[in-house]
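Chain by chain, the residues run as shown.
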Amino acid sequence: MPNTAAALDLLLLPTWLVPVEPAGVVLKEHGVGIRDGRIVFIGPRSAALKLNATEIRELPDMLLSPGLINAHGHAAMTLFRGLADDLPLMTWLENHIWPAEAKWVDEDFVRDGTDLAIAEQIKGGITCFSDMYFFPKIASERVHNSGIRAQIAIPILDFPIPGAGTADEAIRQGVELFGDFKHHERIKITFGPHAPYTVGDENLEKIRMIAEELDASIHMHVHETAFEVQQSVEQRGERPLARLARLGLLGPRFQAVHMTQISEEDLALLVESNSSVIHCPESNLKLASGFCPVERLWQAGVNVAVGTDGAASNNDLDLLGETRTAALLAKAVAGSATALDAHRALRMATLNGARALGIEAETGSLEIGKAADMVAFDLSGLAQQPVYDPVSQLIYATGRDCVKHLWVAGKQLLDDRRLTRLDEQQLGTVARAWGQRISGRTES
Ligand SMILES: [Zn+2]
């Protein structure tokens, strides 16, 4: 029984409450009580109203769910959104993205691009995102200031990158940052070897040792394309995932991003090691990279989360839209209309993301004791009528423009569609100025 004598900071009374855990449940006439940033009460409206709350908020025609978790992205790349489109992955990377990064990416770029990404994500119902980009210290500071939650993966490649001349330097910076943010309530530092084709065995072994020592996660692009797998087989005589397994990288703290190519052996490795897969369907579709077999993974017991990837290859950070794409694509790939139903799709975008990022004890579902990371979707619009199953409506008939309120650790970051901590107009002005410099319309 709740302690009725203790005050709640906030009591939310939505029309529909979708806690995600237990699975498949939609509660009506229920309330959620928050104190000191945590969920301390979930129960019937009548019991909720007997509690002493500082603020009571009715959320009519709204679905309250855990905040969405964008499990893979490159936040500051929002400033390259639309710079080079409709190109094959390697042409896009080698002829456009890498040269643009070499020319433009510095601390200011990462600061402004990350702020833009954070704002877009909060407005889209995302309470936590994973980032893998240059100058991770700057990104961590922007996350700290904005109030959102994030995993910051330290990018590590065998060649020099903006902010780190060598892989050793990147690893050293990562260890330092890990120490700095070890006790941060909302930020988790992990190691981000870019991909099997950009990081050799020696550096991967170093990363494995350090991650083990620190109990840190590893976030990596793996099997993004058939070409990547084929090249590894030709050059090294083994598939990239098998190589990572041989090097000891796989495990519950390993996050394999993309995985569009999965053999029976790969599936067995993922299952045995309890690694997570992060599915980025729109980036895979746009770059014609292939299809991650979500239903097959799910049925085998692999934890599958969802991510948008960077805005340069998507081109938005719309996780609700991404989840809809994932739900539709899963059915096409599995050849079954029952694959990845709406409730499981929402679970993939929330609790599975938290599990992949190793923060499921803290967030990902609305459960007593967890941080109050929540989003209220407004389902009152004509396009959502009539509402038979609000979760089905959310996944198949609702866009991110229906995100009305959002809280992270009990702090409201979006109030009636308005950002409470970030200046939307200023962010737009800064982004447009970067666009003009990058496209050569003004002197840099
Ligand atoms: Zn990526």
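Keep in mind that this is a model prediction, so the values were computed, not measured.

Digging into helix α9 (residues 264-273)
Link 1 in the chain: Those residues of α9 lying buried are Asp266, Leu267, Leu270 and Ser273. The buried residues of α9 occupy one face: seen down the axis, they fall within an arc of 145°. In α9, the exposed positions angled more than 90 degrees off the buried face are occupied by Glu264, Glu265 and Glu272.
Link 2 in the chain: Those residues of α9 that are buried lie in contact with α8 (240-246), β12 (276-279) and α11 (294-300).

Topic: the pairing of strand β15 (residues 403-408)
Link 1 in the chain: With six of six residues buried, β15 is to be regarded as a mostly interior element.
Link 2 in the chain: Bridge count for strand β14 (residues 374-378) against β15 is four bridges, and the pairing is antiparallel. Paired with Ala376 across the strands is His405, a residue of β15.
Link 3 in the chain: Here β15 runs beside strand β16 (residues 411-415); their pairing, made up of three bridges, is antiparallel. Bridge pairing in β16 places Leu406 opposite Leu414.
Link 4 in the chain: Once β15 ends, the chain turns through two residues before running back antiparallel as β16, passing Ala409 with a positive phi of about 50°.

Some points on a nonpolar patch on the surface
Link 1 in the chain: Where nonpolar side chains cluster on the molecular surface, the patch consists of Leu285, Phe291 and Val333 and spans about 250 Å² of accessible area.
Link 2 in the chain: Assignment of secondary structure puts Leu285 in helix α10 (residues 281-286).

Thoughts on the coordination of the zinc ion
Link 1 in the chain: Surrounding the zinc ion are the protein donor atoms His72 (NE2), His74 (NE2), His221 (NE2) and Asp309 (OD), at 2.1 to 2.3 Å.
Link 2 in the chain: Geometry at the zinc ion is irregular, judged from the four donor atoms that bind it and their angles of 88 to 171° at the metal.
Link 3 in the chain: Here the donor residues for the zinc ion map to a single chain with the spacing H-x1-H-x146-H-x87-D. In terms of burial, His72 and His74 fall into one category: buried.

Things to note about the domain arrangement of the protein
Link 1 in the chain: What the domain assignment lists for the protein is domain 1 (10-66 + 371-409) and domain 2 (68-356).
Link 2 in the chain: Relative to domain 2, the C-alpha centre of domain 1 lies at a distance of 29 Å.
Link 3 in the chain: Listed per partner, the contact involves 27 residues of domain 1 and 31 residues of domain 2.
Link 4 in the chain: Sorting the residues of domain 1 by area buried against domain 2 places Ile395, Tyr396 and Arg400 first, and these three jointly supply 35% of that buried surface.
Link 5 in the chain: On inspection of domain 1 and its partner domain 2, the count reaches four salt bridges.
Link 6 in the chain: Between Asp318 and Arg400 there is a salt bridge whose closest N-O contact spans 3.6 Å.
Link 7 in the chain: Our count for the domain 1 to domain 2 interface comes out at seven residue pairs in polar contact (both at pLDDT 80 or more).

Conventions adopted
- Residues numbered from 1 in each chain as written.
- Predicted model: local features only at pLDDT ≥ 70, side-chain atom pairs only at ≥ 80, totals over all residues.
- Heavy atoms only, no water.
- Buried < 20%, exposed > 50% of the residue type's maximum accessible area, 1.4 Å probe, protein only.
- Helix = DSSP H or I, 4+ residues; strand = E, 2+ residues; numbered from the N terminus.
- Arc of directions from axis to C-beta.
- Contact = heavy atoms within 4.5 Å.
- Pairing = 2+ DSSP bridges.
- Patch = residues over 30% accessible without salt bridge, like charges linked within 9 Å, V, L, I, M, F, W, Y side chains within 5 Å.
- Areas by Shrake-Rupley, 256 points an atom, 1.4 Å probe, with all protein chains shown as cover.
- Salt bridge = Lys/Arg side-chain N within 4 Å of Asp/Glu carboxyl O.
- Donors = N, O, S within 2.8 Å, 3.2 Å for Na, K, Ca; no water.
- Tetrahedral: all angles 85-135°; square planar, octahedral: opposite > 155°, others 65-115°.
- Domains from an automatic or database assignment.
- Buried area = accessible area lost by both parts, 1.4 Å probe.
- Polar contact = N/O pair within 3.5 Å; in protein donor to acceptor, adjacent residues only side chain to side chain.

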